[in-house]
Amino acid sequence: MNPIIEFCISNLGSGGYEALQVLEEDPNLDIVEYGCLDHCDLCAESLYALVNGEVVTGETPELLVKAIYQYIEENPMF
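Since the model is a prediction, treat every value here as computed from it, not as a measurement.

Rules behind the numbers
In every chain, residue numbers begin from 1 and rise along the written sequence. Totals for whole chains, interfaces and linings use all residues, but because this is a predicted model, local features are given only for residues with pLDDT of at least 70 and pairs of side-chain atoms are given and counted only at 80 or more. Only hydrogens and water are set aside when side-chain values are computed; all heavy atoms of the structure are taken into account. Numbered from the N terminus, helices here are DSSP runs of H or I no shorter than four residues, and strands are runs of E no shorter than two. A radius of gyration in this sense is built from C-alpha atoms; the matching globule rule multiplies 2.2 Å by the number of residues raised to 0.38. By definition in these notes, contact holds between two residues if any of their heavy atoms fall within 4.5 Å. All accessibility values rest on the Shrake-Rupley procedure with a 1.4 Å probe; residue burial counts only the protein chains present in the view. Pairing between two strands is assigned when DSSP locates at least 2 bridges connecting them. Every axis in this analysis is a line fitted to C-alpha atoms, fitted for helices over the stretch in contact. Angles between the N-to-C directions lie between 0 and 180 degrees. Helix span is expected to be 1.5 Å times the residue number reduced by one. A residue's bend is the angle separating two fitted axes: one through the seven residues that end there, the other through the seven that start there. Roughly parallel means an angle under 35 degrees; roughly antiparallel means over 145; roughly perpendicular covers 65 to 115; every other angle is labelled oblique. In this scheme the handedness of a crossing depends on how the near helix is turned from the far one: anticlockwise by less than a right angle means left-handed, clockwise means right-handed. The residue classification treats Ala, Val, Leu, Ile, Met, Phe, Trp, Tyr, Cys and Pro as nonpolar and Asp, Glu, Lys and Arg as charged. All others, Gly included, are polar.

(A) Spatial organisation of the overall build of the protein. A count of helical and extended segments in the protein gives 3 helices and 4 strands. Reading the secondary structure of the protein in the N-to-C direction produces β-α-β-α-β-β-α. By the compact-globule yardstick of 12 Å for 78 residues, the protein fits well, its C-alpha radius of gyration being 11 Å. The contacts of the protein with a sequence gap of at least 6 include a subset with a gap of at least 24, amounting to 60%. Of the roughly 4,700 Å² of accessible surface on the protein, 50% is carried by carbon and sulfur atoms.

This is the structure:
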């Protein structure tokens, strides 16, 4: 089972799309886009994604990707 990375479409428009594109190249991740993830305050402040249901943030797309991989490494699913 692959880690699930969820993105809010509004956050993608704020710069998160670059991170999504990088992560989509990894066949070991399942990427899902939603209209809203109900984290509007966070969405307005920074880039973020839900990784297996937990919020992970980054100030830039590159830092978001790095934070997502770090979270996955530190929190294995099994």
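(B) Quick look at the sheet that holds strand E2 (residues 30–34). Pairing is mixed in the open sheet, where 4 strands are placed in the order E2-E1-E3-E4. If you trace the sheet from one side to the other, it starts and ends with E2 and strand E4 (54–58), each paired once. Looking at each pair of strands side by side, their axes are set apart by 30 degrees on average, direction ignored. In this sheet, E2 lies alongside strand E1 (residues 4–8) in parallel orientation, the contact comprising 5 bridges. Within the sheet, the bridge partner assigned to Cys 8 lies in E2 and is Tyr 34. Across the face of the sheet, helix H3 (residues 61–74) comes into contact with E1, strand E3 (47–51) and E4 while running at roughly 145 degrees to E4.

(C) Up close: unusual backbone geometry. Phi at Asp 38 is positive, roughly 60 degrees, even though this residue is not glycine. Within the fold, Asp 38 resides in the loop between E2 and helix H2 (40–45).

(D) Helix H1 (residues 9–24), seen in detail. For H1, with 16 residues, the first-to-last C-alpha span of 15 Å runs short of the 22 Å given by 1.5 Å per residue. Its axis deflected by about 95 degrees at Gly 15, H1 carries its strongest bend there. The secondary structure elements touched by the buried residues of H1 are E1, E2, H2, E3 and H3.

(E) Structural detail: the packing of H1 against H3. One can describe the packing of H1 onto H3 by two numbers: an axis separation of 8 Å at closest approach and a directional angle of 45 degrees. In terms of orientation, H1 lies oblique with respect to H3. Viewed along their axes, H1 and H3 form a crossing whose handedness is right-handed. Contact residues: H1 offers Gly 15, Glu 18, Ala 19, Val 22 and Leu 23, while H3 offers Pro 61, Glu 62, Leu 64, Val 65, Ile 68 and Tyr 69. Here the residues of the contact of H1 with H3 are counted per class, giving 8 nonpolar, 1 polar and 2 charged.

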